[in-house]
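Each chain is listed here by its residues.
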Amino acid sequence: MTQKLRVGVIGAGIAARHLAGFDWNKDLFEVPVLCSLDEERGRELCASHGIGEYTQDADTLFARDDLDVIDICTPPDTHFALCKKAIESGKHVICEKPLF
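First, a word on scope: everything that follows refers to the structure included in this document. Because the structure is predicted, anything quoted here is derived from the model rather than measured. (Residues numbered from 1 in each chain as written. Predicted model: local features only at pLDDT ≥ 70, side-chain atom pairs only at ≥ 80, totals over all residues. Heavy atoms only, no water.)

## Topic: the pairing of strand 2 (residues 29-35)
And step 1. Of all seven residues that make up strand 2, five are buried, and the element is covered over most of its length.
And step 2. Sheet topology note: the strand 1 (residues 5-10)/strand 2 ladder contains five bridges and is parallel. Bridging across to strand 2, leucine 5 finds its partner in phenylalanine 29.
And step 3. The parallel pair strand 1 and strand 2, bridged by helix 1 (residues 15-24), forms a crossover whose chirality is right-handed.
And step 4. Relative to strand 3 (residues 53-55), strand 2 is paired through three bridges, and the arrangement is parallel. From the neighbouring strand, cysteine 35 faces strand 3, where its bridge partner is threonine 55. (Buried < 20%, exposed > 50% of the residue type's maximum accessible area, 1.4 Å probe, protein only. Helix = DSSP H or I, 4+ residues; strand = E, 2+ residues; numbered from the N terminus. Pairing = 2+ DSSP bridges. Right-handed = clockwise from strand over helix to strand, strands pointing away.)

## Looking at the nonpolar core
And step 1. Residues Val9, Leu19, Val31 and Leu34 are the most contacted members of the largest nonpolar core, which totals 14 residues.
And step 2. Those elements giving two or more residues to this core turn out to be strand 1, helix 1, strand 2 and helix 2 (39-49).
And step 3. Of all hydrophobic cores here, the second largest spans twelve residues; its members include Ala58, Leu67, Ile72 and Cys83. (Core = buried A, V, L, I, M, F, W, Y, C linked by side-chain atoms within 4.5 Å.)

## Some words on helix 1
And step 1. Burial in helix 1 covers these residues: Ala15, His18, Leu19, Gly21 and Phe22. Along the axis of helix 1, the buried positions cluster into a sector of 155°, meaning they face one direction only. Residues of helix 1 that are exposed and point over 90 degrees away from its buried face: Arg17 and Trp24.
And step 2. Turning to helix 1, the residues buried within the fold contact strand 1, strand 2, helix 2, strand 4 (69-72) and strand 5 (92-95). (Arc of directions from axis to C-beta. Contact = heavy atoms within 4.5 Å.)

## What about the sheet that holds strand 2?
And step 1. Taken together, five strands build an open sheet; the order of strands is 3-2-1-4-5 and the sheet is parallel. Both outer strands of the open sheet, strand 3 and strand 5, are each paired with one neighbouring strand and no more. Strand-to-strand twist of the sheet, defined as the mean angle between neighbouring strand axes without regard to direction, takes the value 25°.
And step 2. Against the sheet, helix 2 touches strand 2 and strand 3, its axis set at about 165° to strand 3.
And step 3. Sitting on the sheet, helix 4 (residues 79-88) touches strand 1, strand 4 and strand 5, and the angle it makes with strand 5 is about 160°. (Axes fitted to C-alpha atoms, helices over the stretch in contact; angles between N-to-C directions.)

And the structure:
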């Protein structure tokens with residue numbers, strides 16, 4: 001059996017589509033935490049996708065030892081800095097838009 005990759009998601013917009021993909025592949029991925037500055041949308045996504053933890057502090061995701069992947073679902077102008085932090089923290093990164 002393959003060990004699941006544990007994903008921390010940052011953002012609550014396009015994240016809904018990413019979370020649908022993780023839901024379709026529950027044998028490969030687990031999403032224990034979502035980070036969003038938009039608390040209403042973030043908590044709504046947590047509830048609808050069974051995500052147990054919500055935060056507004058992205059730095060806590062980079063510091064966690066229990067996450068393998070950071071999925072960056074924020075506006076494009078934030079991508080480079082967030083990707084850099086995630087890579088520097090030893091995480092794999094998913095980021096669908098250009099890095100500015």
